[in-house]
Amino acid sequence: MSSRREMVRMPGRLQGMGHDVACTVFAEKVSLPGTDVYEYDRSFISGAPRDLPVGRYTLTFDRRLHSVQRHNGAWVFAVAVQPA
């Protein structure tokens, strides 16, 4: 059985650097085979104010928290590193 993939759009919230703003998140929702569990892949933030300062933010969408960083006008998602 293979996983199901679908592109989704949902409301999000960015908090950090003294700001708390709404945004839109586009992502690929990937279901894990044989379960009701799913994860998001290739997330993209849209609709956030362009003048937000460089720095770290918390992105909330679908009751999930993600660490993101504003850098050179783009949003960079933190990558989880697993110990060797």
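Structural data are supplied above this passage.
This text gives an overview of the structure that appears in the document. (Residues numbered from 1 in each chain as written. Predicted model: local features only at pLDDT ≥ 70, side-chain atom pairs only at ≥ 80, totals over all residues. Heavy atoms only, no water.)

Looking at the nonpolar core
Which entries qualify depends on this criterion: What is meant by a nonpolar core is a set of buried Ala, Val, Leu, Ile, Met, Phe, Trp, Tyr and Cys residues, joined one to another through side-chain atoms within 4.5 Å. The rule is simple: take the accessible area with a 1.4 Å probe, protein chains only, and divide by the maximum for that residue type; under 20% is buried, over 50% is exposed, in between is partly exposed. The way it works is that DSSP assigns letters per residue, a run of H or I at least four long becomes a helix, a run of E at least two long becomes a strand, and they are numbered from the N terminus. Residues are treated as being in contact if the distance between any of their heavy atoms lies within 4.5 Å.
Core analysis: the largest hydrophobic core is formed by 16 residues, its most contacted members being L14, I45, L59 and W75. Of all elements in the fold, only β1 (5-16), β2 (19-31), β3 (38-46) and β4 (55-61) reach the threshold of two or more residues within this core. Ranked by the residues each element gives to this core, the list is headed by β2, at four residues. Setting aside residues no more than four positions away along its own chain, I45 makes contact with L14, C23, T24, L59, V68, W75 and F77.

A short note on the side chain of R70
Note the threshold: Just so you know, the count uses Lys and Arg for positive and Asp and Glu for negative, and it drops His and the chain ends. The working definition used for a salt bridge is a side-chain nitrogen of Lys or Arg within 4 Å of a carboxyl oxygen of Asp or Glu. Polar contact criterion, stated in full: a pair of N or O atoms within 3.5 Å, where within protein one must be able to donate a hydrogen and the other to accept it, and residues adjacent in sequence count only if both atoms are side-chain atoms.
Of note, R70 is situated in strand β5 (residues 64-71). Of the side chains with opposite charge, D51 comes closest to the buried, unpaired R70, at an N-O distance of 7.5 Å. In terms of polar contacts, R70 uses its side chain to reach the backbone carbonyl oxygen of R50, at 3.2 Å. A distance of 3.1 Å separates a polar side-chain atom of R70 from the backbone oxygen of G73. For R70, the contacting residues outside a window of four places in its chain are P49, R50, L52, P53, V54, G55, Y57 and W75.

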